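Given next are the chains, with one letter for each unit.
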Amino acid sequence: MTSPDALPDFMAACQTRAEAALDARLPAETRMPERLHQAMRYSALGGGKRLRPLLTYATGQALGLALDLLDGPAAAVEMIHVYSLIHDDLPAMDNDTLRRGKPTCHIAFDEATAILAGDGLQALAFHVLAHDPSIRVPAENRVAMIECLAMASGSLGMVGGQAIDLDAVGQALDLPTLESMHIRKTGALIRASVKLAALAQTPIEPVVTDRLDHYAKCIGLAFQIQDDILDEESDTQTLGKTQGKDRDNNKPNYPALLGLAGAKQKARELHESALDSLAGMGPEANLLRELSRFIIERHH
Ligand code: GRG
């Protein structure tokens, strides 16, 4: 059984682990083209909660997998996340100057370099899944990992969610449309973070994988609701990114549709549902349970 303070220790260990996994897989700053590689490393290293790698490692722990089998998938999913942050911050999208407490990539470098850094990280993520020696499963599992991350990232997943989001600025979205946007925009990659770990086991157990997928779906939405709540309630320094952007940009969000109390209630219900989906699993899934709580209680 994991102890009550297991999550903070696990988070710290996995954040260090994810940092090292990224560092080892990113081209050196001295490798040509130097400025591009500097930008990729600037954005990917030294910041962020590393929630997606944490979910990959915690799922691996729930399945009894050694963490070193998951370094490649954890790095790949974080590379996609970082690419999405770089592109989201561009003037053509959210036009933000602060990310993870430091200037956004296009401010620290320039717009063209930031676009290319995002592109480079995206391509590298798939290269990692295709070739990384940490992934020791049959080729069909590897292909399933590549498919999983591609679907989560593309126009039917994160990029599609972003397109719906951009179209929705100034529009009055109803709750189902808001939900379907977030299931794609943030939920799909969170789901992939869990699924990639399930695909690192052999043989894959469909019942367990389905339970984990339901868990991931719930926490993905809960994560977004908490993000919306923090956008209303927190401050720029705590968040490390500009607070109040949704309101300023007239973007629909959960507190606007449900009220703050309603949004908090919805996040709690999703947390409960996430826990229900792990009911058949033992203490080895405790970190996943604690991560779900962390997601709805986090302050940044
Ligand atoms: C531009 C291709 C493209 C996609 C953009 C996910 C996304 C789609 C943009 C990210 C922008 C954003 C603020 C989304 C809302 C929720 C979210 C993903 C917040 C940032 O994730 P955290 O809190 O960040 O896990 P850290 O920095 O801790 O990794």
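Placed above this text is the structure.
Residues numbered from 1 in each chain as written. Predicted model: local features only at pLDDT ≥ 70, side-chain atom pairs only at ≥ 80, totals over all residues. Heavy atoms only, no water.

### What about the site of the ligand?
Neighbouring residues of the ligand: 21 residues in total, closest Lys 49, Arg 52, His 81, Asp 88 and Arg 100. The side chain of Lys 49 places a nitrogen or oxygen atom 2.5 Å from an oxygen atom of the ligand. At 2.8 Å from an oxygen atom of the ligand is found a side-chain nitrogen or oxygen belonging to His 81. Burial of the ligand by the surrounding chains reaches 93%, relative to a free accessible area of 700 Å². (Near = heavy atom within 4 Å. Polar contact = N/O pair within 3.5 Å; in protein donor to acceptor, adjacent residues only side chain to side chain. Areas by Shrake-Rupley, 256 points an atom, 1.4 Å probe, with all protein chains shown as cover.)

### Section: the packing of aromatic side chains
Under the definition given, this model contains one aromatic pair. Over the face of the ring belonging to Tyr 42 we find Lys 102, whose NZ or CZ atom lies 4.3 Å from the ring centre. (Phe/Tyr/Trp six-rings, centres within 6.5 Å; stacked < 30°, edge-to-face > 60°. Lys NZ or Arg CZ within 6 Å of the ring centre and 35° of its normal.)

### Quick notes on the pattern of salt bridges
A full pass over the atoms with the stated rule returns 15 salt bridges. Between Arg 41 and Asp 23 there is a salt bridge, and its shortest N-O distance comes to 2.2 Å. In this pair, Arg 41 sits in helix H2 (residues 34–44) while Asp 23 sits in helix H1 (residues 6–25), placing the two residues 18 residues apart along the sequence. The class of Arg 41 is buried, set by a relative accessible area of 13%. A residue is classified by how much of its surface remains accessible, and Asp 23, at 37% relative accessible area, is partly exposed. Here Glu 78 makes a salt bridge to Arg 100, at a shortest N to O gap of 2.9 Å. Residue Glu 78 is found in helix H4 (residues 71–88), and its partner Arg 100 is found in the loop between strand S1 (98–99) and strand S2 (102–103); the two are separated by 22 residues along the sequence. Among the residues examined, Glu 78 registers a relative accessible area of 0% and is labelled buried. (Salt bridge = Lys/Arg side-chain N within 4 Å of Asp/Glu carboxyl O. Helix = DSSP H or I, 4+ residues; strand = E, 2+ residues; numbered from the N terminus. Buried < 20%, exposed > 50% of the residue type's maximum accessible area, 1.4 Å probe, protein only.)

Remember, this is a structural readout, not a statement about activity or role.
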